[in-house]
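Descriptive structure summary
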Amino acid sequence: MVRNDSFYDVVIVGAGPAGAAVAFTTAKLGLKTVIVEQMPEPEHRVRCGEFMPGLEEIFRIIPEKGDFFSLLLESERFSTNITREISLVSPFGYERRVNFGAYVIDRRRYVQWMVGKAVDMGAELLLNTRCVQLEIGGEGVRGVVVKRKGGDQKVLKGNVIVGADGADSSVAKQGSMFRSYGDLDLVTTRQYVMENFLGDEDVCRMYIGQDYSPGAYAWIIPKGEGTINVGTGIRKPYLRSGDTLRGCLQRFIKDHPQASNLLKDATVKGVISAHVPVGGSLEKTFWKNVLLVGDAAGQVIVHVGAGMPPAIIAGEIAGQTITKYLEGNTPLSDYEKIWKSIMQKPIKNGLYIRKLWDKIAHNDKKAEKFLKIIRQGMLEKMIRAKIPITVRLFAPIITKIL
Ligand SMILES: Cc1cc2nc3c(=O)[nH]c(=O)nc-3n(C[C@H](O)[C@H](O)[C@H](O)COP(=O)(O)OP(=O)(O)OC[C@H]3O[C@@H](n4cnc5c(N)ncnc54)[C@H](O)[C@@H]3O)c2cc1C
């Protein structure tokens, strides 16, 4: 039975970082807001390394333009550890380091804080509730059909619908905006939370190599007090026949010459598995009265898999644009104009670097050579989603001669 009873200014599907940022902003600006989340609580299972660039780094990567960074700036309050360096380790153990100030945050607390504030300011939060369908009609989407676990379906009608429902966004699919993923455009990940880590806690470590992270990278991110997020990613075309994601992570922990040493006393406390969309942002992130935000819109800086900062910035942009739109001051399409003016460049550059990497990643010797010959200044730029002119000019030659 479909009951039809509620009307909102904005209906938000998904209470991850993107949906939480939209809800906080629209509730603060006085809009009647509802958030629909399929899980029993926001961030019920944290599917993230929780690595968040420090403010100085954020503004190097995403130039501060407009008033869209306030929620991102709050992330610092939820940090459990500060890291100062990124270490990049080649398949044969060659290591490069880059100074890079970052926080490791307690993501569950951070996202739940945003959602909690939204609720305090009047938003409604529907948990254990899944968006099953968009109700399309008239000038656009009239509402969202939702189903509560074990309960009835009902329709949440809204002036604006926000798809903040992650990489496999059902809102994007039904709103004709979804772009199916090519094999190279999706990283599948598996991550453990582990305790009793023995290494430095001010270094975030990234490891490349066919044995451990084919087509992507493995990571050790220290959360502080000996707790770490340890994970790996793979892309299908790079995975050897018969190998598995689970096998890659086990090998990384047990056999990697450096990591196995650092992890020899570490014990597993939790496990998650999830996808990271690495195909770049969608061409269209609005359709009629529907906006896509975060992973649903492909807003990830893909060569490093950084999706939280773009999701939260885009969430604020969406919230502010929706408010102005409902006041009659601006078209909804401004959302796309604004987020692209701020974030499209680093997102595109990340995709460029990923595509360069695609040509090297299948061969460990090439990958090692690349890490050896790249100048420090260039490496630092590329980590920050900038493409050195030499790399842009000589990329085809570099990938051939390695
Ligand atoms: C293993 C891993 C490690 C990562 N590490 C980092 C990192 O260290 N730093 C970083 O910046 N980024 C990292 N990322 C990327 C980052 O986690 C994502 O980019 C970010 O979570 C995107 O936020 P989002 O709100 O758009 O989507 P999500 O976090 O995926 O949230 C979507 C929400 O929508 C809900 N939902 C989905 N469908 C429905 C539906 N039909 N109805 C109701 N609710 C629905 C989901 O339950 C979920 O709560 C990592 C990703 C992975 C997988």
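As a matter of local geometry, the ligand sits amid 37 residues, with Glu 37, Gly 49, Phe 51, Arg 107 and Asp 295 nearest to it. Protein chains bury 91% of the 1,000 Å² of accessible surface belonging to the ligand in isolation. Counting only elements with at least two residues in the shell around the ligand, the list comes to helix H1 (17-28), strand S7 (129-137), strand S14 (267-277) and helix H8 (308-326). If you tally residues by element for the shell around the ligand, the top one is S14, at four residues.

Let's shift gears to the nonpolar core. Formed by 80 residues in total, the largest nonpolar core has its most connected members in Met 114 and Ile 322. Setting aside residues no more than four positions away along its own chain, Met 114 makes contact with Pro 17, Ala 20, Ala 21, Phe 24, Leu 71 and Ile 312. In terms of nonpolar packing, the next biggest core, distinct from the first, is built from 22 residues, Val 36, Leu 126, Cys 131 and Val 141 among them.

The next thing to look at is a positive patch on the surface. Residues Arg 179, Lys 355, Lys 359 and Lys 400 make up a contiguous surface patch of positive charge. Here Lys 400 is to be found in helix H12 (residues 389-401).

With the rule as written, the count across this model stands at one cavity of 30 Å³ or more. Empty space within the largest cavity amounts to approximately 60 Å³. Of the residues that constitute the lining of the largest cavity, the class distribution is six nonpolar, three polar and one charged.

Before going further, it helps to examine the layout of surface pockets. Computed from the structure, the second largest pocket encloses a volume of approximately 330 Å³. Lining the second largest pocket are 19 residues, with Val 46, Glu 50, Val 193, Lys 223 and Asn 229 sitting closest to its centre. Sorting the residues of the lining of the second largest pocket by element identifies strand S10 (186-195), strand S12 (218-224), strand S13 (227-234) and S14 as the ones contributing at least two each. Tallied by class, the residues present in the lining of the second largest pocket amount to seven nonpolar, six polar and six charged.

The rules behind the values
Starting afresh in each chain, residues are numbered from 1 along the sequence in its written order. In view of the model being predicted, local features appear only for residues whose pLDDT reaches at least 70, and side-chain atom pairs are presented and counted only at 80 or more, with totals across whole chains, interfaces and linings using the full set of residues. The side-chain numbers reported here are obtained from all heavy atoms of the structure, hydrogens and water having been left aside. Near, as used in this document, describes a residue that has one of its heavy atoms within 4 Å of the molecule or strand being considered. The accessible surface values rely on the Shrake-Rupley method and a 1.4 Å probe; as for residues, cover is taken only from the protein chains in view. By the criteria applied, helices consist of DSSP H or I runs no shorter than four residues and strands consist of E runs no shorter than two, each listed in order from the N terminus. Only buried residues count toward a nonpolar core, which is a set of Ala, Val, Leu, Ile, Met, Phe, Trp, Tyr and Cys residues joined through side-chain atoms within 4.5 Å. We call a residue buried when its accessible area falls under 20% of the maximum for its residue type, exposed when it is over 50%, and partly exposed in between, using a 1.4 Å probe and counting protein chains only. The contact criterion used is simple: two residues touch if any of their non-hydrogen atoms lie within 4.5 Å. Patch rule: a residue counts if its relative accessible area is over 30% and it has no salt bridge; like charges are joined within 9 Å, and nonpolar side chains (Val, Leu, Ile, Met, Phe, Trp, Tyr) within 5 Å. What counts as a salt bridge is simple: a side-chain nitrogen of Lys or Arg found within 4 Å of a carboxyl oxygen of Asp or Glu. The sign given to each residue is positive for Lys and Arg and negative for Asp and Glu; His and the chain ends receive no count. Where a charge sits is defined by one atom per residue type, namely NZ (Lys), CZ (Arg), CG (Asp) or CD (Glu). Lining residues are defined by having an atom within 4 Å of a point belonging to a cavity or pocket. Those points lie on a 1 Å grid over the protein atoms alone, cavities being sets where a 1.4 Å probe fits but cannot get out and pockets being open sets with protein on both sides within 12 Å along at least five of seven lines. Grid points are joined across faces, edges and corners, and a volume is the space filled by probe spheres set on the points. Charged residues are taken to be Asp, Glu, Lys and Arg, nonpolar residues to be Ala, Val, Leu, Ile, Met, Phe, Trp, Tyr, Cys and Pro, and polar residues to be all remaining types, Gly included.

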